[in-house]
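Structure at a glance
Spelled out, the chains give:
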Amino acid sequence: ATKKLDEAIAFLNGAVAKFPDNPDLNQELLNAYVAANRIVEAKEKFKNYADANPKDKNAQYAYGTVLLETKDYKEALTYLEKAFVLDPKFENAMYNFCVASLRYAIQVRDAESAANPEKQPLGHKPILEKALPQLKTLVAMKADALPNWELAGKIYTSLGMTKEAEEAYKKADALRGK
């Protein structure tokens, strides 16, 4: 299996070199690196490419996604935001930005709770509030996408937006056919 993945990575690297603007090829290359457990190699490669191509939304998205996969959520937000600033309709970048925001907010909240169990953690809320415009755009663009509504429910719940969370989960349940 490792040999096949190495072959796939070599092939995809060649394809990405010929067609650097193809997001599907970049995503497949990233997936191959992850499957081959070569994420550290992928991280360096995608960072170099993103930094060398600051106006390439796919490069920013790919590196932001690598950072998301390696749990470097705060840094992932920077690159994913660059991707959807370059293309305001870049759904995958917005979705991953919202996921990274949620995961980073959970890290911050948990760290605050551990440091001071008596105090209500609040540091996570600005992180999630910054993701709300992308979240709202995402569910408006893809109102029939179950993952978008599930993510919306989680973010709204984390912000204490009970009514919005309830509506998001109802829409998710309807899409599941419940």
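As a reminder, the structure under discussion sits directly above these lines.
Since we're looking at a predicted model, the values are computed, not measured.

Before going further, it helps to spend a moment on the pattern of salt bridges. For the structure on display, the rule yields 12 salt bridges. Close ionic contact of Arg38 with Glu41 constitutes a salt bridge, the shortest N to O distance being 2.7 Å. Residue classification places Arg38 among the partly exposed positions, given a relative accessible area of 23%. Here Lys142 makes a salt bridge to Glu91, at a shortest N to O gap of 3.9 Å. Placement of Lys142 in the loop between α7 (125-141) and α8 (146-158) and of Glu91 in helix α6 (residues 91-115) is noted, with a sequence separation of 51 residues between them. Overlapping salt bridges bring together Asp6, Arg38 and Glu41 as one network.

Under the definition given, this model contains four aromatic pairs. Their ring planes at 85° and their centres at 6.5 Å tell us that Tyr33 and Phe46 sit as a pair that is edge-to-face. Here Phe46 lies in helix α3 (residues 39-52) and Tyr33 lies in helix α2 (residues 23-35), a separation of 13 residues in the sequence. The exposure class assigned to Phe46 is buried, which follows from its relative accessible area of 4%.

Put simply, α8 and helix α9 (residues 162-176) touch, their axes get as near as 8 Å, and they point 155° apart. In terms of their interaxial angle, α8 and α9 are classed as roughly antiparallel. Our pair here, α8 against α9, has a crossing hand that is left-handed. Counted together, Leu146, Trp149, Glu150, Ala152, Gly153, Lys154, Tyr156 and Thr157 of α8 and Glu164, Ala165, Ala168, Tyr169, Lys171, Ala172, Leu175 and Arg176 of α9 form the full contact between these two elements. A breakdown of the residues in the contact of α8 with α9 according to their chemical character gives nine nonpolar, two polar and five charged.

Procedures and definitions
Residues numbered from 1 in each chain as written. Predicted model: local features only at pLDDT ≥ 70, side-chain atom pairs only at ≥ 80, totals over all residues. Heavy atoms only, no water. Salt bridge = Lys/Arg side-chain N within 4 Å of Asp/Glu carboxyl O. Buried < 20%, exposed > 50% of the residue type's maximum accessible area, 1.4 Å probe, protein only. Helix = DSSP H or I, 4+ residues; strand = E, 2+ residues; numbered from the N terminus. Phe/Tyr/Trp six-rings, centres within 6.5 Å; stacked < 30°, edge-to-face > 60°. Axes fitted to C-alpha atoms, helices over the stretch in contact; angles between N-to-C directions. Parallel < 35°, antiparallel > 145°, perpendicular 65-115°, else oblique. Left-handed = near helix turned anticlockwise from the far one by under 90°. Contact = heavy atoms within 4.5 Å. Nonpolar A, V, L, I, M, F, W, Y, C, P; charged D, E, K, R; others polar.

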